[in-house]
2 protein chains.
Amino acid sequence: MPDEKINTGLELRSLIKKTGELELSLAKVPVPEPGPDQVVVKVEATPINPSDLGLLLGPADPATMKSTGSGADVKVTAPVPATALPFLAARLDQSLPVGNEGAGTVVKAGSSDAAQALKGKTDSMVGGAMYTQYRLLNARDCQPLPAGTTAADGASWFVNPLTALGMVETMKREGHKALVHTAAASNLGQMLNKICNEDGIGLVNIVRSPEQAKLLKGIGAKHVVDSSAASFKDDLTQALVDTGATIAFDAIGGGKLAAQILSAMEVAINKTAKEYSRYGSSVHKQVYIYGGLNTGPTDLSRSFGMAWSVGRWLLTPFLQKIGREGQVKLRERVVNNLKTTFASHYTRTISLTEALQLPTIAAYAKRATGEKFLIDPSKG
Amino acid sequence: MPDEKINTGLELRSLIKKTGELELSLAKVPVPEPGPDQVVVKVEATPINPSDLGLLLGPADPATMKSTGSGADVKVTAPVPATALPFLAARLDQSLPVGNEGAGTVVKAGSSDAAQALKGKTDSMVGGAMYTQYRLLNARDCQPLPAGTTAADGASWFVNPLTALGMVETMKREGHKALVHTAAASNLGQMLNKICNEDGIGLVNIVRSPEQAKLLKGIGAKHVVDSSAASFKDDLTQALVDTGATIAFDAIGGGKLAAQILSAMEVAINKTAKEYSRYGSSVHKQVYIYGGLNTGPTDLSRSFGMAWSVGRWLLTPFLQKIGREGQVKLRERVVNNLKTTFASHYTRTISLTEALQLPTIAAYAKRATGEKFLIDPSKG
């Protein structure tokens, strides 16, 4: 089968200028010939994850965005606060591609056996720059999907599934026996419940409404506490006593929630403590912030003993820590369960052009729990 | 030489009752006979460190304290906020002795060679319960002082010196090359400057007034930034560029300082970054809170990249980590330099009875930088 004749494709680009302006556009980029170990994949499904939005929109406020041009010539601009520019120094004046993960069909393949084996197959991909029509990448960054699994099924195979598995793995490696998760009704949170139920691990789900609590209980979550309930503090403490959780993964970031979790952990630990420890318990309590649904300050009222830490958790450094072998094991668990444990649900599928329409940007920039956008670049 | 005849001694006690009342008093306690490997030390000097105040006063407000009785029969009481009681569960209704470290003369010694070798010697001690007239302890928790070094010289041999040395050791073990210290004009901060100058380690001192800056520069500090100056942010960033410091030890705890340090570190790192990293720099930035001069919430505006952590640092877990051998090395460095690198300066020396007078409590509870109290229990 000869390779398809494909010369150029559209690629979404994000640029922040030194002058303090964000510019989103679609570039017409040449489709390169693959090297021996490379393939070109026609991208058919790539999700908009919260982790993509930082690169895509930077600190710009969608409410201030303006749009010119139409179709593939659209250009979206917005001011970037001057105070944020020092933190962006290394990306200024560079037109950057976006999109962590995706799936599609291999349309060109290099000469190596590994590359040729992928020819014509539907594959999941990782490596960035997925908001593009044709993605050149190394064969080892492709994962062929089992028969009957579509590109849409396999688009969100990496970030959420590996984040959920990474939380459980981090919990084990750092010596904790159960974990807490916030914004727990999210796609990721639902996956985490399925994993913990399969693996017999205690999980305390913190949600923000009775509806979210109901949703999680419906999929078999055992410990669900609702931060909007008057009894939240007591409910959380009881769930921590029941599970023994001393590590939390927090998607919210801002506000008092991290401190509330650490305080409740400290109370739960002291409830069963045998002996007074002068600064509070010496059991290490950890909160990892992995998202920023609330971009406001984290407010830590430090009344939670002598052993605690609040830090950033991200997938990439975690994957570096476990190495290629550890990654492959997790990847295989994912692709073999994409329709069950690791299924993602999308509220809208859009084209690249639609991804740059202002009302659409405003919608996905909200990062609302339960809402999830899928881009199909093959639609233009 | 026969052992002195000593039957009882005064011992300062702190009690928090389940009913929510703090009670400070002086107990008359029997002086026990030492076991074979033990000694009894007549305590002549024991400092009031910030780390003692948590156990001594709990969360009680000195302004609400009342006093009854006089002399050794004094009793000080104060209400403890009900919200704090759950965190104190393990100490409630127990009369606890106080005082981390001290020095004095060995007046009774057990039969072992190690104990007999200490007889009549002036020793530094560690192990708690030092606000007492006679302290029974194991010979291995005593450190004989060099000739010409008094109990007052050796009283603060452990907490501050080992904390300062522990910061430098933690910096090295966690892969950083220079460090930041806040409330840097303190006794501890001055020691840290002497250590870093001796060892050739970059140290950024953050102080809160021009007077404190002058004091530190006077003892040879190279990087001093004043948080009360309009140019604080720029000064701090420049000092971080100059030193490459990516770890900070913070005595303040509350407020925005921890976040300001992390932000300045991120800007300093990005100034020299070669390549844009999508969530900010991947260089790990660490703030350890080791004190709480500001007991208000820690306010973290999280604009400092993808690799950061804010956690509690305390001497005891650090010492456990380095083990007995590591500790002995640090201890010996300290006792051989008690009049130079590790010298402490006291603003007042008080008796046990004076330590429970309300104006005195109000004074030491302030934890003012540069002010330091020494208790001499042999004065009654």
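Here, the structure is the one placed above.
Rules used in this analysis
Residues numbered from 1 in each chain as written. Chains lettered and ligands numbered in written order. Predicted model: local features only at pLDDT ≥ 70, side-chain atom pairs only at ≥ 80, totals over all residues. Heavy atoms only, no water. Phe/Tyr/Trp six-rings, centres within 6.5 Å; stacked < 30°, edge-to-face > 60°. Buried < 20%, exposed > 50% of the residue type's maximum accessible area, 1.4 Å probe, protein only. Helix = DSSP H or I, 4+ residues; strand = E, 2+ residues; numbered from the N terminus. Pairing = 2+ DSSP bridges. Right-handed = clockwise from strand over helix to strand, strands pointing away. Axes fitted to C-alpha atoms, helices over the stretch in contact; angles between N-to-C directions. Contact = heavy atoms within 4.5 Å. Polar contact = N/O pair within 3.5 Å; in protein donor to acceptor, adjacent residues only side chain to side chain. Nonpolar A, V, L, I, M, F, W, Y, C, P; charged D, E, K, R; others polar. Parallel < 35°, antiparallel > 145°, perpendicular 65-115°, else oblique. Left-handed = near helix turned anticlockwise from the far one by under 90°. Salt bridge = Lys/Arg side-chain N within 4 Å of Asp/Glu carboxyl O. Least-squares fit on C-alpha atoms with pLDDT ≥ 70 in both. 1 Å grid on protein atoms, 1.4 Å probe; cavity = no way out; pocket = protein on both sides within 12 Å on 5 of 7 lines; lining within 4 Å. Points joined across faces, edges and corners; volume = space filled by probe spheres on them.

Visitor: What's the story with the packing of aromatic side chains in this structure? I'm lost.
Guide: To describe a pair of aromatic rings, one takes the distance between the centres and the angle between the planes. This structure, assessed with the given rule, holds 12 aromatic pairs over all chains. Aromatic ring contacts, followed pair by pair, group A:Phe249, A:Tyr288, A:Trp313 and A:Phe318 into a single cluster.

Visitor: In this structure, what is going on with the pairing of strand 12 (residues 202-207) of chain A? I would like to understand it.
Guide: In regular strands, side chains alternate between the two faces of the sheet. All names here are of chain A. Buried residues dominate strand 12, accounting for 5 of its 6 residues. Two strands pair when backbone bridges link them, and strand 11 (residues 178-182) and strand 12 are joined in this way by 5 bridges, in the parallel orientation. Directly across from His-181, in strand 12, lies its bridge partner Asn-205. Handedness of the crossover is the feature at issue here: the chain leaves strand 11, passes through helix 5 (residues 187-199), returns alongside strand 12, and the resulting connection is right-handed. Sheet analysis places strand 12 next to strand 13 (residues 223-226), joined by 4 bridges and oriented parallel. Of the residues in strand 13, the one forming a bridge with Val-204 is His-223. Considered for its hand, the β-α-β crossover made up of strand 12, helix 6 (residues 210-218) and strand 13 is right-handed.

Visitor: Hey, could you run me through the sheet that holds strand 14 (residues 247-250) of chain B in this one?
Guide: Sheet strands pair by backbone hydrogen bonding; their relative direction is either parallel or antiparallel. The sheet built from 12 strands is open, its strands ordered 13(A)-12(A)-11(A)-14(A)-16(A)-18(A)-18(B)-16(B)-14(B)-11(B)-12(B)-13(B) with mixed pairing. Every interior strand has two partners, whereas the edge strands, strand 13 of chain A together with strand 13 (223-226) of chain B, have only one. Mean inter-strand twist for the sheet, computed between neighbouring axes without regard to direction, equals 15 degrees. Note that strand 16 (residues 285-289) of chain B and strand 18 (residues 308-312) of chain B share 5 bridges and pair parallel. Within the sheet, the bridge partner assigned to B:Val287 lies in strand 18 of chain B and is B:Val310.

Visitor: How should I be thinking about the interface of chain A and chain B in this particular structure?
Guide: Interfaces are frequently sized by the accessible area removed from exposure as the parts join. Each partner contributes residues to the interface: chain A has 42 residues there, and chain B has 42 residues. Between chain A and chain B we count 14 residue pairs in polar contact (both at pLDDT 80 or more) in total. For the side of chain A that touches chain B, the secondary-structure elements that each account for two or more residues are helix 1 (50-57), strand 15 (253-255), helix 8 (257-271), strand 17 (294-300) and strand 18 (308-312) of chain A. Top element by residues in the side of chain A that touches chain B is strand 17 of chain A. It accounts for 7 residues. For the side of chain A that touches chain B, the class distribution of residues is 18 nonpolar, 16 polar and 8 charged. Summarising the sheet, strand 18 of chain A and strand 18 of chain B pair through 3 bridges and their orientation is antiparallel. Counterpart to A:Val310 in the pairing with strand 18 of chain B is B:Val310.

Visitor: Before we go on, may I ask you to explain unusual backbone geometry in this structure?
Guide: For residues besides glycine, phi is generally negative; the peptide bonds are generally trans as well. Residue and element names in this part refer to chain B. Phi at Asp-93 is positive, roughly 65 degrees, even though this residue is not glycine. Tracing the backbone shows Asp-93 in the loop between strand 5 (75-79) and strand 6 (96-97). Located in the positive-phi region is Ala-183, a residue other than glycine, with phi close to 50 degrees. We classify Ala-183 as buried; its relative accessible area is 6%.

Visitor: Before we go on, may I ask you to explain the packing of helix 7 (residues 232-243) of chain B against helix 8 (residues 257-271) of chain B in this structure?
Guide: Residues and elements named next belong to chain B. Closest axis-to-axis distance for the helix 7/helix 8 pair is 9 Å, and the angle between their directions is 55 degrees. Looking at the two axes, helix 7 sits oblique to helix 8. Crossing of helix 7 against helix 8: the hand is right-handed. Counted together, Phe-232, Leu-236, Thr-237, Leu-240 and Val-241 of helix 7 and Leu-257, Gln-260, Ile-261, Ala-264, Met-265, Val-267, Ala-268 and Lys-271 of helix 8 form the full contact between these two elements. Grouping the amino acids of the contact of helix 7 with helix 8 by side-chain chemistry returns 10 nonpolar, 2 polar and 1 charged.

Visitor: So what exactly am I meant to see when it comes to the pattern of salt bridges here?
Guide: Oppositely charged side chains are able to pair whenever their charged atoms sit close together. Here the structure, examined in full by the defined rule, presents 21 salt bridges over all chains. In this structure, A:Lys17 and A:Glu23 form a salt bridge, with 3.1 Å as the shortest nitrogen-oxygen distance. The exposure class assigned to A:Glu23 is buried, which follows from its relative accessible area of 13%. Connected via shared salt-bridge partners are B:Lys17, B:Glu21, B:Glu23 and B:Lys75.

Visitor: In this structure, what is going on with the environment of B:Asp226? I would like to understand it.
Guide: Residue and element names in this part refer to chain B. Tracing the backbone through its elements, the reader meets Asp-226 in strand 13. Other than its neighbours up to four places away in sequence, Asp-226 contacts Val-207, Arg-208, Ser-209, Pro-210 and Phe-232. For Asp-226, the side chain forms a polar contact with the side chain of Ser-228, separated by 2.7 Å.

Visitor: Help me understand the relation of the copies chain A and chain B, please; the structure alone is not making it clear to me.
Guide: Both copies of the chain are related by one operation, a rotation about an axis with a shift along it. In screw terms, the move from chain A to chain B is a rotation of 180 degrees and a rise of 0.0 Å along the axis, fitting with an RMSD of 0.0 Å. Such a combination of turn and shift is consistent with a two-fold rotation axis. A shared binding surface is used by both copies, with 100% of the interface residues of chain A retained as interface residues in chain B.

Visitor: Would you take a moment to explain the sheet that holds strand 1 (residues 8-17) of chain A for this structure?
Guide: All names here are of chain A. With antiparallel pairing, the 5 strands of this open sheet are ordered in space as 4-5-2-1-6. Edge positions in the sheet fall to strand 4 (66-68) and strand 6 (96-97), since each has one partner strand and no second. Strand direction decides the pairing type here: strand 2 (residues 21-30) and strand 5 (residues 75-79), joined by 5 bridges, are antiparallel. Note that in strand 5 the partner of Glu-23 across the bridge is Thr-77. Across the face of the sheet, helix 1 comes into contact with strand 1, strand 2 and strand 6 while running at roughly 100 degrees to strand 2.

Visitor: I would appreciate a short explanation of helix 1 (residues 50-57) of chain B in the present structure.
Guide: Spacing of three or four residues puts side chains on the same side of an α-helix, whose turn is 3.6 residues. Residues and elements named next belong to chain B. Burial analysis of helix 1 places 6 of its 8 residues in the buried class, which makes it a mostly covered element. Those residues of helix 1 that fall on the buried side of the exposure criterion are Ser-51, Asp-52, Leu-53, Leu-55, Leu-56 and Leu-57. Elements in contact with the buried residues of helix 1: strand 1 (8-16), strand 2 (21-30), strand 3 (38-48), strand 6, helix 4 (159-173) and helix 11 (358-365). Following helix 1 by one or two positions, Gly-58 has its phi on the positive side, about 55 degrees.

Visitor: In this structure, what is going on with empty space enclosed by the protein? I would like to understand it.
Guide: Where empty space is left becomes clear once a probe the size of a water molecule has been rolled over the atoms. Counted by the stated rule, this structure contains 1 cavity of 30 Å³ or more. One number sums up the size of the largest cavity: a volume of about 40 Å³. For the lining of the largest cavity, the class distribution of residues is 2 nonpolar, 3 polar and 1 charged.

Visitor: Help me understand the packing of helix 1 of chain B against helix 11 of chain B, please; the structure alone is not making it clear to me.
Guide: Two measures define how a pair of helices packs: the angle their axes make with one another and the distance between the axes. All names here are of chain B. In the contact formed by helix 1 and helix 11, the axes pass within 11 Å of each other and the chain directions differ by 130 degrees. If you check the angle between helix 1 and helix 11, you find them oblique. Taking contact as the criterion, the partners of Leu-53, Leu-56 and Leu-57 in helix 1 are, on helix 11, Ile-361, Tyr-364 and Ala-365. Residue composition of the contact of helix 1 with helix 11, grouped by class: 6 nonpolar, no polar and no charged.

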